[in-house]
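Listed here are the chains, written in short residue letters.
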Amino acid sequence: ENISNIIAAGEVVENYASLIKELYENSLDAKAKNILIEISDKLNYIKITDDGTGMQKDDIYLSVERHATSKISKKDDIFNLSSFGFRGEALASIAAVSKMNISSKTNDMKIGHMVTIYGGNIIADKSVAMKTGTVIEIRNLFYNTPARKKFLNKESTEIMNIKDIVLKLALSAVEVSTNLVIDGKSVIKTSGRGIDNTVYEVFGKGIFKNLKKFKYGYLGNSEIFRASKNYIFTYVNNRYTKSNLIERAVIDAYYMKLMKHKYPFAIIFYDINPSEVDVNVHPSKKIVKFSDEKIVYGQIKKEIEDFFRLDDR
Ligand code: ADP
Ligand code: MG
């Protein structure tokens, strides 16, 4: 049992950024309005605090068992996926390769409950005073799998990747206040006050004022970063995804406009009926596949082209 969790951990958590993504998405699923991510001690301490629904005592124990998701109630749900997690592996996997505390309290509970798990084994539990929500603390990731630990990048690279993922996550949840604090210093902070404020807050004023809003998000060019590459952030149903199709549509639409001298910067929010999109093609749930690629490509390309046409007048 522990061995299979450790193996699964390799698929679910490759590094700190993927771990934080899983935890953040769990907080979103729990309808949190405020998510605080704190990192210290050279990445050896990670704490994520949310004000979501929390878990009942029994559910805390269940949450670290593999495949114990509360999110698939019928087979169809796998295909009509709107919540983020669905495989019930993240917490179990992370618990198997770290020293973890899970504390949680629902509105019905007077006092919260904390469970301590080392390397997948529950070693302690107790009542704790806390607000409604969930607090997950992770110490010493991969402490019991030194071979895995070796595959982590150096600290500065891991931190860069964490900032990158939190930025992308914060943009996916514009009604949620996200705060990433590293060694006591807030490095990304959003207010949860909608899309415009969130884009402003994560990219800063200088970049924000160079962006233009269109039907599917924001358009600019990567010169605003003094960069010569494409920056195309894609959200499908508010989930950060990698879509070659959407990237292609953006690049193709920009081609005439920019004449290859500049590269697009675009944040695309594309909403589609969940049954028209497959988010399960990749275990990390980043790559999506659309059932009708032509329509998606066509819509996005056309909207950008029309936007430029109007903008030029
Ligand atoms: P999944 O998200 O795929 O269901 P996870 O391993 O990520 O699997 O989480 C297991 C379960 O633990 C979830 O289904 C949910 O019931 C519970 N859970 C995890 N994180 C939270 C949280 N922050 N707030 C409330 N419940 C949570
Ligand atoms: Mg999850």
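Here is what the cut-offs are and how they apply
Residues numbered from 1 in each chain as written. Chains lettered and ligands numbered in written order. Predicted model: local features only at pLDDT ≥ 70, side-chain atom pairs only at ≥ 80, totals over all residues. UniProt positions renumbered as here; feature names shortened; annotations may be inferred. Pairing = 2+ DSSP bridges. Helix = DSSP H or I, 4+ residues; strand = E, 2+ residues; numbered from the N terminus. Axes fitted to C-alpha atoms, helices over the stretch in contact; angles between N-to-C directions. Parallel < 35°, antiparallel > 145°, perpendicular 65-115°, else oblique. Left-handed = near helix turned anticlockwise from the far one by under 90°. Contact = placed C-beta atoms within 7 Å. Nonpolar A, V, L, I, M, F, W, Y, C, P; charged D, E, K, R; others polar.

In the nomenclature of an unreviewed UniProt entry, the protein chain is known as DNA mismatch repair protein MutL of Oceanivirga miroungae. Its UniProt record, at the heading Function (unreviewed entry), says of the protein chain: "This protein is involved in the repair of mismatches in DNA. It is required for dam-dependent methyl-directed DNA mismatch repair. May act as a 'molecular matchmaker', a protein that promotes the formation of a stable complex between two or more DNA-binding proteins in an ATP-dependent manner without itself being part of a final effector complex." Database annotation for the protein chain, UniProt heading Sequence similarities (unreviewed entry): "Belongs to the DNA mismatch repair MutL/HexB family."

Participant: In this structure, what is going on with the sheet that holds strand β13 (residues 264-270)? I would like to understand it.
Facilitator: The sheet built from five strands is open, its strands ordered β9-β10-β13-β11-β12 with mixed pairing. Unpaired on one side and paired on the other, β9 (212-214) and β12 (239-241) mark the two borders of the sheet. Adjacent strand axes in the sheet meet at a mean angle of 25° when their direction is disregarded. Both β9 and strand β10 (residues 217-221) contribute to a ladder of three bridges, which runs antiparallel. Residue Phe214 lies in a different strand from β10, and its bridge partner there is Gly217.

Participant: What is the right way to read the packing of helix α6 (residues 155-172) against helix α7 (residues 194-203) from this model?
Facilitator: When two helices pack together, their arrangement is given by the angle between the helix axes and by the axis-to-axis distance. Contact geometry of α6 with α7 gives a least axis separation of 9 Å together with a crossing angle of 170°. Considering their axes alone, α6 and α7 lie roughly antiparallel with respect to each other. Our pair here, α6 against α7, has a crossing hand that is right-handed. Contact residues: Leu167, Ala170 and Leu171 in α6; Thr198, Val199 and Val202 in α7. The residue makeup of the contact of α6 with α7, split by class, is five nonpolar, one polar and no charged.

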